[in-house]
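# Secondary and tertiary structure notes
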Amino acid sequence: MALEIMHVDMDAFFAAVEQLDNPALVGQPVIVGGINLDNRGVVSTASYEARQYGVHSAMPITEAKRLCPHGIYLPGRGSRYQEISTQIFSILLSYTPCLEKISIDEAFLDLSGCHRLFGDSIEIGHQIKMVIQQKLGLIASIGLSINKFLAKLASDLDKPDGFMVIKEEEINQVLEPLPIGKLWGVGRKTEEILNDLGINTIGKLKKLNQDELVAIFGKMGLQLYQLARGLDERSVEPEYAAKSISHEETFAVSVSNKNEIMACLMEMSAKVARRLRQKDLRGSTVFIKIRYDDFTTLTRRITLGSSTNSTDTIYQTGKRLLEKEPLLTRPVRLLGIGIGNFSKGAQTQLSLFSNKLKEYDLNKAIDRIKDRYGERGIIRARNLER
Ligand SMILES: [Mg+2]
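The notes below deal with the structure included here. All figures in this text were calculated on a predicted structure; none of them were measured in a lab.

## Observations regarding the overall build of the protein chain
Summing up its helical and strand segments, the protein chain has 16 helices and 12 strands in all. Seen along its three principal axes, the alpha-carbon backbone of the protein chain occupies a region of about 75 × 50 × 45 Å. In the protein chain, which comprises 386 residues, the proportion classed as buried is 34%. For the protein chain, the proportion of contacts with a sequence separation of at least 24, taken over those separated by at least 6, is 60%.

## What to know about the environment of Pro 238
Mapped onto the elements, Pro 238 comes out in the loop between helix H12 (219-228) and helix H13 (239-242). Given 25 C-beta atoms within 10 Å, Pro 238 falls into the buried group. When the C-alpha atoms of Pro 238 and Leu 99 are compared, they prove to be 4.8 Å apart, with 139 residues separating the residues in sequence. In contact with Pro 238, not counting residues within four places along its chain, are Pro 97, Cys 98, Leu 99 and Glu 100.

## Let's talk about the nonpolar core
One recurring pattern in soluble globular proteins is that nonpolar side chains are buried together. If you look at the biggest cluster of nonpolar residues, it comprises 59 residues, and the most contacted ones within it are Met 6, Val 8, Ile 31, Leu 92, Leu 109 and Ala 228. Of the domains in this structure, domain 1 (1-168) and domain 2 (176-228) are the two that each give at least three residues to this core. If sequence neighbours within four positions are ignored, Met 6 has contacts with Phe 108, Leu 109, Leu 111, Ser 121, Gly 125, Ile 142, Leu 144 and Ala 151. Residues Ala 273, Val 286, Ile 288 and Ile 314 belong to the second largest nonpolar core, which totals 22 residues.

## Some words on the sheet that holds strand E5 (residues 99-103)
The five strands are arranged E5-E6-E1-E7-E8 in an open sheet whose pairing can be described as mixed. Strand pairing shows two members of the sheet lacking a second neighbour, E5 and strand E8 (163-165), which therefore form its edges. Adjacent strand axes in the sheet meet at a mean angle of 15° when their direction is disregarded. Inspection of the sheet shows strand E7 (residues 140-145) paired to E8 by three bridges, in the parallel sense.

## Here's the deal with the packing of helix H11 (residues 210-217) against H12
A pair of packed helices can be characterised by two numbers: the angle between their axes and the separation between those axes. At a minimum axis distance of 6 Å, the contact between H11 and H12 shows a crossing angle of 140°. Comparing the axis directions of H11 and H12 gives the class oblique. For the pair H11 and H12, the sense of crossing is right-handed. Here Gln 210, Leu 213, Val 214, Ile 216 and Phe 217 of H11 come into contact with H12, specifically with Met 220, Gly 221, Leu 222, Leu 224 and Tyr 225. Residue composition of the contact of H11 with H12, by class: eight nonpolar, two polar and no charged.

How each quantity is defined
Residues numbered from 1 in each chain as written. Predicted model: local features only at pLDDT ≥ 70, side-chain atom pairs only at ≥ 80, totals over all residues. Helix = DSSP H or I, 4+ residues; strand = E, 2+ residues; numbered from the N terminus. Buried ≥ 20, exposed ≤ 12 C-beta atoms within 10 Å, placed from the backbone. Contact = placed C-beta atoms within 7 Å. Core = buried A, V, L, I, M, F, W, Y, C linked by C-beta atoms within 7 Å. Domains from an automatic or database assignment. Pairing = 2+ DSSP bridges. Axes fitted to C-alpha atoms, helices over the stretch in contact; angles between N-to-C directions. Parallel < 35°, antiparallel > 145°, perpendicular 65-115°, else oblique. Left-handed = near helix turned anticlockwise from the far one by under 90°. Nonpolar A, V, L, I, M, F, W, Y, C, P; charged D, E, K, R; others polar.

See below:
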């Protein structure tokens, strides 16, 4: 598996912005704090100088003041942080649209589509770190690995000013000595239960097999089992996918027959297009998702010159994406297609092209039959074999 997943996280973001805007604060213990729901002040961000005194985020301000009485306490300037955040994300988006925003200063990027333009993942990581520093004067920590869990762990382990890569062959060596609290989803309670069993590191956790973990923690046990081995199947979910309509299908048995895959693609394209038409939407970014036997998951996307809600256009675009690299070289476990980048209403321009108008009428007619007779009321010939 390749190093395609990057986690970018700004160091002590709010405090760093305050230090950027007021150089007198550089090197000082800066503590940015807000008021939480109980009307009690809590620390949002502490500069690394303040962290040396034990101050950390989510700590009550009163406690921070006890630990670091000479700290510089600031109320925070949300709109300024938002402004800088927008600049950070526009830098990140200039590398790939496949970006999942986690918070105001943190994101996952899937780099699998951008090597031809920007080089390998490590080069891209260095570029992004440098550009953020040069353009904004702020430091980002970067983690690179084969999945989200490991990428986030990497950026976290090397903070501040971090740049860490976890390669597939390094997973055990990196994970095993770490405290179990480093695993996603392990809170204080899980940690206590594990500690009672004499388990305090990820390495020791690996002595429990899957059944034992499930017996203790239920479904969470399975997640612990996988994360302890560096396994994480979650893909980077970009915003355009969140604001999109898509359909995916997991096959009971992995499929290699191309006709079968294309028939499935057509069926899913029809469902996606129909939902678009029901909502009176048209989209212009078509994307596909494919997962292979070894759980490698790829997404590819393309933005069309004009927006569409046509089954055939969506299908043809998906087919093109599958055939371009080509992606259908191994058995497929999961296939998905979707569309985003919406605009509302029918495109009047369509009427200029009589064949497209005909297709539009055809789609509408199919929708009417399906509305009346159900999903199986009419089926494209291509899908009959399914
Ligand atoms: Mg941060």
